[in-house]
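Understanding the architecture of this molecule
Spelled out from the first residue to the last, the chains are:
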Amino acid sequence: MKDWKIVRRFEQVPDLPILAEVDVLVIGGGAAGVAAAETAGSMGKDTWLVEKYGFCGGAAVAGLSGTICGMFMASDEENAQPEQVVFGFTERFRQELKKRNGVTEPQKYGKTFTVTHDPLIWREVADDLLEDAGVTTLFHTSVTGVIMEKDAFKGVVIESNAGQSIILSNMIVDASGDAAVIARAGMDYYFGDQGRIQNPTMFFRIADVDMEKYLDYYGDDTICPPKVTENILAANKSGEYTLPRHKIWIFPTTRPGELMVNATRLAGQDGRMLNVIDPKDFTEAEVFGRRQVRDYARFLNHFVPGCENAYVVDTGVEVGIRQTRSIVGVETLTNDDVINCNKRKDGICRTPWPIELHSGDKPKLHWLINDYYVVPYNTLVPIVGENIIAAGRCLSAEHEALASARVTAQCFEYGHAAGIAAVKAINENRRIRDLTGEEIRAVMIENGSAL
């Protein structure tokens, strides 16, 4: 990122208006941010949430990656039924979606299950939960700088069309997904495996599908059957299509005659890896992602029965982001932790989701059969920095480990844990890094988490 400078820290409060002085400030309104803010607000703290878009949802809504993955165990049994192992805030949110017909029942995804949600209802559930918890939300607002006292975070500089202002806070949750607050302070982060990160993707939805005809052909597994892959390869060979990903995933939604499609694979036009932290790469991914959507939609029209008259309803507001910055944490979730399904007494989230690595020509899936691992609390705590905790996909994790740990159900629970940690640190006048995972998970269990 040689053309950009991320560090913008103030060692004293700059000469700008102070908008608020709060207990807990959450940056980012994705799954982790909503969970963190709602948790802190419900525990009685003056909590504010800052979000760059005009709605909450992050990758789940803006990126249109409309599934809550990571709730269910995987199994090799042919007729396995969904076995849910992640609850807590995740289940609360799913239940609120269900009340509004905003989420499907479990759908087969290879050896496990997932659910598909309505992105509009997702936003509304988040709005209501935050309001009920007394959280003050600022949409259309970004963090441009951090206010520090040595290694301690004291507040942030925010910017909107109204100008610049300051929010001072006792505790900050960096739920930006990109470790944006931690990076602006000049603290350590890294990108994947020596800079190699997962491909972004452009999700899209199609409508006017004859669902009976479609399901009769495609089957009930949302991962495409071999005949679809064969047809993609044949279509590419004809020279009339450019379909770089051969194994695609299609999910029936809550809306009649609609499918959500995860099919595109985005790399630079010169073949380079795209890192969407850089707006040049972000823009290229979105422009060519939308073009790829049209080719895949045309393929579905001509090769998948039931989709003959289907049309594209929408693409993501932004390209679907799987990975950018990871913090350097007090501890790091390792690839071996995931593969060996390691469990620890300081874990704050179960994760049964496979290593789902989108890097290179085709996705890599490594299943965790009839088992799960737990994510240690200290993967959310930066190795340097006080009054701050991370939540979401920017946790400290090795490359392949993150390809499992980054999904929505887990991000909900990371936010749940971060909100508890922020409140506990304030109430007990302790550093976030001096709290233990055992303490955090005890409160999570009281809140309904299965640990």
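So, how was this worked out
Residues numbered from 1 in each chain as written. Predicted model: local features only at pLDDT ≥ 70, side-chain atom pairs only at ≥ 80, totals over all residues. Heavy atoms only, no water. Helix = DSSP H or I, 4+ residues; strand = E, 2+ residues; numbered from the N terminus. Buried < 20%, exposed > 50% of the residue type's maximum accessible area, 1.4 Å probe, protein only. Polar contact = N/O pair within 3.5 Å; in protein donor to acceptor, adjacent residues only side chain to side chain. Core = buried A, V, L, I, M, F, W, Y, C linked by side-chain atoms within 4.5 Å. Contact = heavy atoms within 4.5 Å. Axes fitted to C-alpha atoms, helices over the stretch in contact; angles between N-to-C directions. Left-handed = near helix turned anticlockwise from the far one by under 90°. Nonpolar A, V, L, I, M, F, W, Y, C, P; charged D, E, K, R; others polar. Pairing = 2+ DSSP bridges. Right-handed = clockwise from strand over helix to strand, strands pointing away. Salt bridge = Lys/Arg side-chain N within 4 Å of Asp/Glu carboxyl O. Domains from an automatic or database assignment. Buried area = accessible area lost by both parts, 1.4 Å probe. Arc of directions from axis to C-beta.

Brief notes about the side chain of Arg 205
Structurally, the position occupied by Arg 205 is in strand β12 (residues 204-207). Given the relative accessible area of 3%, Arg 205 is considered buried. Polar contacts involving the side chain of Arg 205 include one to the main-chain carbonyl oxygen of His 117, which spans 3.0 Å.

Remarks on the nonpolar core
Among the nonpolar cores identified, the biggest contains 77 residues, and Phe 93, Trp 122 and Tyr 414 are the most heavily contacted of them. The biggest single contributor to this core is helix α11 (residues 408-428), with 11 residues. Aside from chain neighbours lying at most four places away, what touches Tyr 414 is Ile 348, Cys 349, Thr 351, Val 375, Leu 380, Ala 391, Gly 392, Leu 395 and Ala 405. Listed in part, the 35 residues of the second largest apolar core include Tyr 217, Val 293, Tyr 296 and Val 312.

Description of the packing of helix α3 (residues 88-99) against α11
Running from N to C, α3 and α11 point in directions that differ by 120°, and their axes come no closer than 7 Å. The handedness of the crossing between α3 and α11 is right-handed. In contact with Gly 88, Phe 89, Thr 90 and Phe 93 of α3, α11 contributes Ala 409, Phe 412, Glu 413 and His 416. By residue class, the composition of the contact of α3 with α11 is four nonpolar, three polar and one charged.

Description of the sheet that holds β12
One open sheet accounts for four strands, arranged β13-β14-β12-β15; its pairing is antiparallel. Sheet topology places β13 (249-252) and β15 (311-315) at the edges, where each strand pairs with a single neighbour. Pairwise comparison of adjacent strand axes, ignoring direction, gives a mean angle of 30° for this sheet. Note: β12 against β15, four bridges, orientation antiparallel. Across the sheet, Ile 206 pairs through a bridge with Val 312, a residue of β15. On the sheet, helix α6 (residues 211-218) packs against β13 and β14 (259-262) and is oriented at approximately 140° with respect to β13.

Some thoughts on the pairing of β12
The side-chain alternation of β12 yields two buried faces, one formed by Phe 204 and Ile 206 and the other by Arg 205 and Ala 207. Summarising the sheet, β12 and β14 pair through three bridges and their orientation is antiparallel. Each residue of the ladder has a partner; that of Ile 206, found in β14, is Leu 259.

Notes on the pairing of strand β3 (residues 47-50)
What you see with β3 is no split at all: Thr 47 and Leu 49 on one side and Trp 48 and Val 50 on the other are buried throughout. Direction of pairing for strand β2 (residues 18-27) relative to β3: parallel, over a ladder of four bridges. By the bridge assignment, Val 26 is partnered in β3 with Leu 49. As for the winding sense of the linkage, the β-α-β connection from β2 through helix α1 (residues 31-42) to β3 is right-handed. Both β3 and strand β7 (residues 136-138) contribute to a ladder of three bridges, which runs parallel. Note on β7: the bridge partner recorded for Leu 49 is Thr 137.

Here we look at the pattern of salt bridges
On inspection of all chains with the given rule, the structure shows 25 salt bridges. The salt bridge partner of Glu 318 is Lys 52, with a shortest N-O separation of 4.0 Å. Linking Glu 318 in the loop between β15 and β16 (325-327) with Lys 52 in the loop between β3 and α2 (58-61), this pair joins segments that are 266 residues apart in sequence. Assessed through its relative accessible area of 6%, Glu 318 is described here as buried. We classify Lys 52 as partly exposed; its relative accessible area is 46%. Put simply, Glu 331 and Arg 344 hold a salt bridge, and the shortest N to O gap is 2.8 Å. Of this pair, Glu 331 sits in the loop between β16 and α9 (335-339) while Arg 344 sits in the loop between α9 and β17 (347-351), and the two are 13 residues apart along the sequence.

Here we look at the environment of Val 407
Relative to the elements of secondary structure, Val 407 occurs in the loop between α10 (399-405) and α11. On the accessibility criterion, Val 407 (6% relative accessible area) is buried. Sequence separation between Val 407 and Gly 392 is 15 residues, and the spatial gap between their C-alpha atoms is 8.6 Å. Setting aside anything within four residues of it in sequence, one finds Val 407 in contact with Cys 69, Gly 70 and Trp 353.

What about the domain arrangement of the chain?
Once the domains are mapped, the chain shows domain 1 (9-195 + 323-447) and domain 2 (203-315). Measuring from the centre of the C-alpha atoms in domain 1 to the corresponding centre in domain 2 gives 28 Å. Taken together, the contact pairs 30 residues of domain 1 with 23 residues of domain 2. The largest contributions to the domain 1 side of the interface with domain 2 come from Leu 64, Lys 108 and Tyr 109, which together make up 25% of the buried area.

A few points about α6
Of all the positions in α6, only Met 211, Tyr 214, Tyr 217 and Tyr 218 are classed as buried. Considered in projection along α6, the buried side chains sweep an arc of 135° and stay on one side of the axis. With respect to the buried face of α6, the exposed residues turned more than 90 degrees away are Glu 212 and Asp 216. Turning to α6, the residues buried within the fold contact α7 (226-238), β13, β14 and α8 (279-303). Looking one or two places after α6, you find Gly 219, whose phi comes out positive at around 95°.

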